[in-house]
Amino acid sequence: MVDYKDTLHLPSTDFAMRANLAQKEPAQLSVWRDKKLYEAINQANTQNPLFVLHDGPPYANGHLHHGHILNKILKDMVVKDRTMSGYRVPYVPGWDCHGLPIEVQVDKELGSKKGGMSKVELRQACRAYAERFVQIQREEFERLGVFGRWQEPYLTMSFAYEAATLRELARIVDQGLVYKGLRPVNWCSTHQTALAEAEIEYEDHKSPSVYVAFAIKGQLAKCDQAADLVIWTTTPWTLPANLAIAVHADYDYIAYPAKGRVRIVATDLLASFLAAVGEPEFAANKVIATYKGRELENIIYQHPLVERENRVLLGEHVTLETGTGLVHIAPGHGAEDFDLGRRYGLEILSPVDARGEFTEQCGIAELVHKNVFACNTLIAEKLASHGALLNSQGEQVSHRYAHCWRCHRPIITRATEQWWVAIDKPYANGPSLRERALASLKEVKWIPNWGEDRIRGMLATRPDWCLSRQRMWGVPIAVVYCEDCGEPVLDGERMRQVATYFEQEGADAWFLHSVEELMGPLQCTKCKGKRFRKEQDILDVWFDSGVSFAAVIEREGMGQQSGASVDLYLEGSDQHRGWFHSSLLCALATREQPPYKSVLTHGFVVDGNGKKISKSKGNFTDPFKAIARNGAEILRLWVAAEDYREDIRLSDEILTRLTDTYRKVRNTFRYLLGNLFDFDPNKDLLSADKLLEVDRYALGISFSAIERMRNGYERYEFHQVVHTLNELCIVDLSAFYLDILKDRLYASGKNSRERHSAQTVLYILARDLLRVAAPLLSFTCEEAWAQLPRLVGDADSVHLNKHPGVDEPKFMAMMRQQISAGQSKIDTKYNYARELRRQVNALLEDERKNKRLGSSIEARVCISGPLEMHQKLGSIDKLALADLFIVSEVEFTGESEQIKITIERARGTKCPRCWLYREDIGKDAAHPELCARCTDALVN
């Protein structure tokens, strides 16, 4: 018998089944780099409408972790999608280069060498460290397939950026919003600097729980016995700074006898208080007196540890959630305490130095020069010795407590002289910065929409912005002080003069030049002095990054319409109190508009059990080891497939599952390419009216899926894009359409209408899928695009092309229009036929299991049913159904009330070329063993 295998049109492609991503991706990156693909994309889109995603700068310290990877790939998908949607999308990556973490690492690296170095030399060492990690992280980001202006990123330590930072500070100074004042700040005693709210993490901590009696001086109204005010605190170390006790004006307070004295607590908290101090329940008939909080205002009491008389104040922040309903007030150690103290004219006492040790101001000799946390026990012992401690000294409470994000040690709240931005001061003949910020939130689209509520809550309650940091690696606050009287010179115009030096020499110029060189001749407005010293504090790094809209977007002309407002900021949800927050305040203070039109936030990466990934917990794995093993494409698919609006899980099991998904999608691409090896789209494409009906049906399904995928991109719902791509490839294509095409593609005549109809659809499918999936699977789609026959006008790189439906050739646009126009009737018919196919497949499987059949092509399917069945099938005849069922024959056996399907062995003889059973074999004497179709395929 003749071997007809060579006469079949079997698939052929260089697009391999095995991806070998880890080996292929670096080579692809090299090609993109050599061809300057990013630059080519931007050049090709020069005349297109602008879309700007502004990169929030990661910190130039350490290697990338999974959070960095999640963030940058999300951004890359947005940039590539919007580019392929017809926009000009410049993407300028940036790095945050100043600040404490780098300074700390440099200190460690220098060790004892640091002692002999000048401030400028130390700053240069910090700059070199940041440059090193910018290069490391840049290479790691590029390895992910992220496109961007990598060779010209923005760096907050560049001379131009440092100058822009100072100029933005000058603009806020011009508004009268910057002042120096004594206020409580979050303070890290380890690094001896103020911390921003975004630099604080809350960790589990145990604190001493003490109930303390403060003796009232003199006679209390309605009470003829000595009385005590009872407070509760978990920070005994703040008690030396106690200057008041707060009560709520409208709460009820009870005076009851205990151990020869009278105690006063909130009525609603009496029972819990008695339980906490281990005393029996109080008999109601022993009440000495009751008071409204306002009746206790201005009562004088004696501090139990120092010679100081204080008084009772009314405070709205007092609650009945825990404690006694009386709150210990230390204005130097708490924001609410400070505000209340300022309202009542109290001094701001903070007897703690930068190291977190008590100073002599605390008034207790035994505490001086000792760490405040270490003194908690000593303070409790002294309270007990004075009879003021009402519970056991060893009692502790476990709670979430503020820690420094770098050293992970508990912080303190400490009143210090700092530079601030006033949040509630009206300016520019209008509302305050807080009022403007809250009003502006409605102008922004928040994705997800809960982002608005999150940042609104933070803006509504935040204190003034502490700008100064007691470190050296950053942008100096360009203020000088009179040497004679200490009066600061806070002048926006002088700052702009200094900024010209920064532009040329960087911020080191502040330490290299004299005051006169930097600012010109000065005279103190207060004492007429002429000698000045420079401020040594630097700016909060959140101010550095917060002015990036001015230093990058505005400076490079990427702002849209007025000012520097861009289309999208995209960062993790922690940036509601970080970059989103600082950027908004800076922009509103100087431009009176938000810096962004939309803000997208994503969750954090957690392990498979939902726990935070960290080295200390042993669940951290190096992401670049996974890339070396599986390729970056699998991580790109992971980012796209997960719903980023919640925390994103990552585990080996998840990556294995995604690898399987990737393999199925890749094999779909391979099938499409393999059957186009002899297809020239510039001459072989058929018009819509020449396509077989089932091919039109498949094309309609794909067009609908492509539209859903593009809608997913538009809404930034990338997981829906992946879901649709997966469903199309696996359910509609691999398990149905591509399955039924094999016989037609392989056995039909090379240039027959049947084969070209199928190839037309496969070509459009491949061309569409590779373009629409390119933002997600950037390496794979580029590899596959290189194997795809191209239409005239298509670019060599898939990334230089547009999405399906965008700037299409006229022929393709007409095809989409024609397919869509008549699709509903075809869909109805073939959806019904696919339901019949499912029933047939179930019966065929039973036949195979019972070994009555081998392959489905050995079968003859007999169907009877009501007239309605034939009406629904319409023009789908029994030959078309045989192709759909992948059987040799379908026979309609009459009408019946219900659909009845039976499976028989096919009639006729097996054709050795197509393997179908036919009754027309041998009709041509030249090929006596072939069926008529195969004979025709060979002859023609």
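We now turn to the structure provided with this report.

About the criteria used
- Residues numbered from 1 in each chain as written.
- Predicted model: local features only at pLDDT ≥ 70, side-chain atom pairs only at ≥ 80, totals over all residues.
- Heavy atoms only, no water.
- Core = buried A, V, L, I, M, F, W, Y, C linked by side-chain atoms within 4.5 Å.
- Buried < 20%, exposed > 50% of the residue type's maximum accessible area, 1.4 Å probe, protein only.
- Helix = DSSP H or I, 4+ residues; strand = E, 2+ residues; numbered from the N terminus.
- Contact = heavy atoms within 4.5 Å.
- Pairing = 2+ DSSP bridges.
- Axes fitted to C-alpha atoms, helices over the stretch in contact; angles between N-to-C directions.
- Phe/Tyr/Trp six-rings, centres within 6.5 Å; stacked < 30°, edge-to-face > 60°.
- Lys NZ or Arg CZ within 6 Å of the ring centre and 35° of its normal.
- Right-handed = clockwise from strand over helix to strand, strands pointing away.

### Here we look at the nonpolar core
- Of all hydrophobic cores here, the largest spans 147 residues; its most connected members are Trp638, Tyr737, Leu762, Leu769, Leu884 and Phe885.
- Broken down by element, the residue count for this core peaks at 14 residues, all from helix H23 (residues 718-747).
- Sequence-distant contacts of tyrosine 737, defined by excluding residues within four places in its chain, comprise Val694, Asp695, Ala698, Asp732, Ala758, Val761, Leu762 and Leu765.
- In this structure, Ala478, Trp510, Leu518 and Ala551 belong to the second largest nonpolar core, which totals 75 residues.

### Thoughts on the sheet that holds strand E29 (residues 859-865)
- The three strands lie next to each other as E30-E29-E31, forming an open sheet whose pairing is mixed. Both edges of this open sheet fall to strand E30 (889-895) and strand E31 (900-905), since each of them pairs with a single strand only. Direction aside, neighbouring strands of the sheet carry axes that sit 25° apart on average.
- Packed on one face of the sheet, helix H27 (residues 823-849) meets E29 and E31 and runs near 40° to E31.
- Here helix H29 (residues 878-885) sits on the sheet and contacts E29 and E30; the angle it forms with E30, its principal contact strand, is near 125°.

### Some words on the packing of aromatic side chains
- Considering all chains together, one arrives at 23 aromatic pairs under this definition.
- Aromatic pair tyrosine 211 and tryptophan 232: ring centres 6.2 Å apart, planes at 35°, arrangement tilted. Remark: tryptophan 232 occurs in strand E8 (residues 227-233) and tyrosine 211 occurs in strand E7 (residues 210-216); sequence separation between them is 21 residues.
- Note on tyrosine 211: relative accessible area 8%, which makes it buried.
- What links up through ring pairs into an aromatic cluster is the set Trp446, Tyr569, Trp579, Phe580 and Tyr596.
- The aromatic ring of phenylalanine 736 is capped on one face by arginine 834, whose charged end is 4.2 Å from the ring centroid.

### Thoughts on the pairing of strand E26 (residues 596-602)
- The buried count for E26 comes to six of seven residues, which makes it a mostly enclosed element.
- In the sheet, strand E18 (residues 445-447) pairs with E26 via three bridges, with the strands oriented parallel. Paired with tryptophan 446 across the bridge in E26 is valine 599.
- Handedness of the crossover joining strand E25 (residues 566-572) and E26 through helix H17 (residues 579-591): right-handed.

### Quick word on the sheet that holds strand E19 (residues 465-466)
- Here we have four strands laid out as an open sheet, ordered E5-E4-E17-E19, and antiparallel in their pairing. The strands lining the two open edges of the sheet, one partner per strand, are strand E5 (193-195) and E19.
- Alignment of strand E4 (residues 178-188) against strand E17 (residues 412-421), held across ten bridges, turns out to be antiparallel. Each residue of the ladder has a partner; that of valine 185, found in E17, is arginine 414.

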